[in-house]
Amino acid sequence: MSERIRSALRTAGPAAFAVPAVLAILVAVRWLFFEMGNAPPAFVDSVSTFTTIFLGIFIEAAPFLLLGTLASGLVEVFVGQGGISRLAPRNPIAGALFGSGLGLVFPVCECGVVPLTRRLLRKGIPAHVGISFLLASPVINPIAIASTMAAFGFGKILFFRVGLSLLIAMLTGLVFAFQKNPATLLRMVRNPAPAPHGVGAAYIAAPQPQPLQVRVRRALAIAGDEFFEMGRYLVIGALLASLMQTFVPRTFLLSFNQGPLIPVLAMIALAVVLSICSTVDSFVALAFVSSFSNGSILAFLVFGAMVDIKSTLLFLRVFERRTVVYIILLPLLMTILAAVLINIYAPL
């Protein structure tokens, strides 16, 4: 085995084998029960459901995580240090708006946006701009906007989803704009990541300027390293979401559809449990229109695109735990408030 292949395997680590290992265990368990003729029907159904949901979440999210890490690699190689930070306005409000609108330039969902946000922060953009981008980009991007329009049409749901996502991301970013020491928000600053190794090492240390071919190879190597680093947390998040969907009946959540507040909480919980990509969640939300208020549907579309189980684990790779708590709680409270007000005063 060549040194490059061994280096690639060391870089990938256990994340490269996590999905095959999980599937192998599930297949082995099912085979044992079927072959022994002692398969409890409920257990077999649960294993089948878990396997299907896990594969669905992982297969849906992995391409977008790959897209995000690829964008991260390209930014690292082709964008100079401080290049994007110089474009960010110094005014906190304008900076938060700038960060929220970056999703139109980098169309990534809630999985792909995390590695890209980390790379932009390393390139020098202010923390509040990065957090605004992190929260807004899953909705404020052409793919998510087009899917929402396809599901609900060019109307109020689309406008409210985009407007609320933009507003909540901006306000959350503004909270962090007044942090006296922004470096304490970021895990990577206080606990720097080890120097890149493996396949990417040969290119990361290369001097500038470099031929285009070498720079592209370097970008791909960085993307591969980050994909495997973030991928293990995607696998864990998909496992947790699959377990919750398997053992927490959806009908239990759907039974809470009375009043202005309870349906909002139920749909937010459902969005977190389902952990659906923001580019396709509009079609899932469409199935609940006849059962839930539009404020509740908007809560599903807004908060579910910002925070779910798998994205929370990815956040922890970039930010300190206390920062992650605020990144989750602030959008949660604002989403609940906005959805309840819509249910009471402005039913769509």
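Reading the values: rules and limits
- Residues numbered from 1 in each chain as written.
- Predicted model: local features only at pLDDT ≥ 70, side-chain atom pairs only at ≥ 80, totals over all residues.
- Heavy atoms only, no water.
- Helix = DSSP H or I, 4+ residues; strand = E, 2+ residues; numbered from the N terminus.
- Buried < 20%, exposed > 50% of the residue type's maximum accessible area, 1.4 Å probe, protein only.
- Contact = heavy atoms within 4.5 Å.
- Areas by Shrake-Rupley, 256 points an atom, 1.4 Å probe, with all protein chains shown as cover.
- Phe/Tyr/Trp six-rings, centres within 6.5 Å; stacked < 30°, edge-to-face > 60°.
- Polar contact = N/O pair within 3.5 Å; in protein donor to acceptor, adjacent residues only side chain to side chain.
- Core = buried A, V, L, I, M, F, W, Y, C linked by side-chain atoms within 4.5 Å.
- Patch = residues over 30% accessible without salt bridge, like charges linked within 9 Å, V, L, I, M, F, W, Y side chains within 5 Å.
- Salt bridge = Lys/Arg side-chain N within 4 Å of Asp/Glu carboxyl O.
- Expected span 1.5 Å × (residues − 1).
- pLDDT = per-residue confidence, 0-100.
- Axes fitted to C-alpha atoms, helices over the stretch in contact; angles between N-to-C directions.
- Parallel < 35°, antiparallel > 145°, perpendicular 65-115°, else oblique.
- Left-handed = near helix turned anticlockwise from the far one by under 90°.
- Nonpolar A, V, L, I, M, F, W, Y, C, P; charged D, E, K, R; others polar.

This brings us to the overall build of the protein. Counting its regular elements, the protein contains 17 helices and 0 strands. Burial status across the protein gives 49% buried among its 348 residues. Contacts spanning at least 24 positions in sequence make up 81% of the contacts within the protein whose residues lie at least 6 apart. A total accessible area of about 15,900 Å² is found for the protein, and carbon and sulfur atoms account for 71% of it.

Overall, the coordinates contain 1 aromatic pair when judged by the stated rule. Ring centres of F154 and F159 lie 5.0 Å apart, and the angle between their planes is 85°; this geometry places the pair in the edge-to-face category.

A few words on the side chain of S275. Note that S275 resides in the loop between α13 (262–274) and α14 (281–286). Residue S275 is classed as buried on the basis of its relative accessible area, which comes to 1%. One polar contact links the side chain of S275 to the main-chain carbonyl oxygen of V272, over a distance of 2.9 Å.

This part takes up the nonpolar core. L116, F300, F319 and I327 are the most contacted members of the largest nonpolar core, which totals 76 residues. With 10 residues, the single largest contributor to this core is helix α3 (residues 41–78). If near-sequence neighbours (up to four positions away) are discounted, I327 is found in contact with I131, L134, L135, F176, V307, F315 and F319.

Among the surface-exposed residues, L70, L74, L212, V216 and L220 lie close enough to one another that they form a single nonpolar patch of about 410 Å² accessible area. Elements that contribute at least two residues to the nonpolar patch include exactly α3 and α11 (212–247). Tallying contributions element by element places α11 first for the nonpolar patch, with 3 residues. Secondary-structure assignment places L74 in helix α3.

To continue, consider helix α15 (residues 294–306). Compared with an ideal rise of 1.5 Å per residue, which puts 13 residues at 18 Å, α15 spans 18 Å between its outermost C-alpha atoms and is within 8% of the ideal. Of all 13 residues in α15, 12 are buried, a share of seventy percent or more. Where α15 is concerned, the buried positions are G295, S296, I297, L298, A299, F300, L301, V302, F303, G304, A305 and M306.

Mean pLDDT over the protein works out to 76, with 74% of the residues at or above the 70 mark. Considering only residues more than four positions removed or in separate chains, one finds that residues 189–208, a stretch of pLDDT under 50, has 31 contacts.

Turning next to the environment of S296. Here S296 is to be found in helix α15. The spatial distance from the C-alpha of S296 to the C-alpha of A339 is 6.2 Å, given a sequence separation of 43 residues. Contact partners of S296, with chain neighbours within four places excluded, come to P263, V264, M267 and N343. Side-chain polar atoms of S296 contact the backbone nitrogen of V264, separated by 3.4 Å. In this structure the side chain of S296 is engaged in a polar contact, spanning 2.8 Å, whose partner is the side chain of S293.

To continue, consider the packing of helix α4 (residues 92–101) against helix α8 (residues 156–177). α8 packs onto α4 with a crossing angle of 130° between their chain directions and a minimal axis gap of 9 Å. The orientation of α4 relative to α8 falls into the category oblique. As for the relative orientation of α4 and α8, their crossing is right-handed in sense. Residues P92, I93, A96, L97 and S100 of α4 pack against L166, A169, M170, L174 and A177 of α8. Of the residues in the contact of α4 with α8, the class split is 9 nonpolar, 1 polar and no charged.

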